[in-house]
Amino acid sequence: EGAAGGNPAGALAGVAELAGIQIPGQEGVSKADEAIAVVRSRRFTESFIRRERLLPILLPEWDDSPGLVSRLMEGAAALTRSLIGGAGEDSEERARVDREQRMMWDAYAVFDRVRKIEADEQVGLVTLTVDWTNPVLAADWANKMVADINRETRTSAIDAAQKNIAYLQEQVDVTADIDRRRLLFNLIESETRRIMFAKSRDEFVFRIIDPAVVPQEKVRPRRVMIVIVGFLSGFILALFIVIGRHVLRDNEQRPA
């Protein structure tokens, strides 16, 4: 009797695929893998750098202080704008945008080296570490990145579920078959539960087991090891110099 409505499971999979809904049992990218990719992405990293105002910390060589040279250049640019109109203003704007892009490019390269995220698939643990000269900042950045990625993925999941519900509701309005309508309502219920789950959890993707803390011991530089290696290197070099001079002296004193 139900053949008139087609295959309910096939209809469910087709509608879910159009709406971008993951059916239980289907393979796909996990939320953790997707979140790790987001953390490593340039978009997330640059947004984090801007939000936390890390440019002067990551790139101390970029000096934005209005010194004498800067004031002279600003005066020359203003004079140029007054003489030739908007062309100077456009040129200055392009120069400012290019400079900001270069700064952000360099800042991303620096931050990407000091941030490391690793996943242990066997035990299901993800480790985020930040290696920076200031241990307080390193711990703060690590904790804030975890909070940011949880907040971003939670917001993204809620937005996606709301769009899915709107699409599914449109399909309900144009579907007359009872079986398919029931499947659509089941999908709407599933997406509603997804929204409730996301809103009720701050740790949406990553549940923090061990938050980042300020280390009490320095990782590097290992000054004791540096002193020992420097002493041994100096001793060996001095030994070679003494031996070399001794050999040269013997050669000079040897009769022809």
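My aim in this report is to walk through the structure given alongside it, one point at a time. Every value quoted in this text rests on a predicted model; they were computed, and no experiment measured them. (Residues numbered from 1 in each chain as written. Predicted model: local features only at pLDDT ≥ 70, side-chain atom pairs only at ≥ 80, totals over all residues. Heavy atoms only, no water.)

1. Side note on the packing of helix α7 (residues 135-174) against helix α8 (residues 178-199)
Helix-helix packing is described using two parameters, namely the angle between the two axes and the distance between the axes.
No. 1: Their axes nearest at 9 Å, the elements α7 and α8 cross at an angle of 160°. Between α7 and α8, the interaxial angle falls into the category roughly antiparallel. Handedness of the crossing formed by α7 with α8: left-handed. On α8, the residues that touch Arg154, Ala157, Ile158, Ala160, Ala161, Gln162, Asn164, Ile165, Leu168, Gln169, Gln171 and Val172 of α7 are Arg181, Leu184, Phe185, Leu187, Ile188, Glu191, Thr192, Arg194, Ile195, Ala198 and Lys199. (Axes fitted to C-alpha atoms, helices over the stretch in contact; angles between N-to-C directions. Helix = DSSP H or I, 4+ residues; strand = E, 2+ residues; numbered from the N terminus. Parallel < 35°, antiparallel > 145°, perpendicular 65-115°, else oblique. Left-handed = near helix turned anticlockwise from the far one by under 90°. Contact = heavy atoms within 4.5 Å.)

2. Brief notes about the packing of aromatic side chains
No. 1: Scanning all chains against the criterion turns up 4 aromatic pairs.
No. 2: Ring plane angle 50° and centroid distance 5.8 Å describe the contact between phenylalanine 111 and tryptophan 141, whose orientation is recorded as tilted. Taken together, the positions of phenylalanine 111 in helix α6 (residues 86-114) and tryptophan 141 in helix α7 put the pair 30 residues apart, joining distant regions of the chain. Accessibility classification places phenylalanine 111 together with tryptophan 141 in one group, the buried group.
No. 3: Their ring planes at 55° and their centres at 6.0 Å tell us that phenylalanine 197 and phenylalanine 204 sit as a pair that is tilted.
No. 4: Through a chain of ring-to-ring contacts, the aromatic side chains of Phe48, Phe111, Trp132 and Trp141 assemble into a single cluster.
No. 5: Positioned above the aromatic ring of tryptophan 105, the side-chain terminus of arginine 42 is 4.3 Å from the ring centre.
No. 6: The side chain of arginine 42 reaches across the aromatic face of tyrosine 108, ending 3.9 Å from its centre. (Phe/Tyr/Trp six-rings, centres within 6.5 Å; stacked < 30°, edge-to-face > 60°. Buried < 20%, exposed > 50% of the residue type's maximum accessible area, 1.4 Å probe, protein only. Lys NZ or Arg CZ within 6 Å of the ring centre and 35° of its normal.)

3. Description of unusual backbone geometry
No. 1: With phi around 55°, arginine 53 is a residue other than glycine that occupies positive phi space.
No. 2: Turning to its location among the elements, arginine 53 is positioned in the loop between α3 (42-51) and α4 (55-58).
No. 3: Exposure remark for arginine 53: the relative accessible area of 70% places this residue in the exposed category.

4. Brief notes about the nonpolar core
No. 1: Membership of the largest hydrophobic core comes to 32 residues, with the highest contact counts inside it found for Ile49, Leu54, Leu58, Phe111, Trp141, Ile149 and Phe206.
No. 2: Broken down by secondary-structure element, the contributors of at least two residues to this core are α2 (31-40), α3, α6, α7 and α8.
No. 3: The dominant element in this core, judged by the number of residues it contributes, is α7, at 9 residues.
No. 4: Not counting the four nearest positions on each side in its chain, tryptophan 141 is found in contact with Phe48, Leu54, Ile57, Leu58, Phe111, Val130 and Trp132.
No. 5: Leu168, Val172, Leu187 and Ile188 belong to the second-largest nonpolar core, a separate cluster that totals 5 residues. (Core = buried A, V, L, I, M, F, W, Y, C linked by side-chain atoms within 4.5 Å.)

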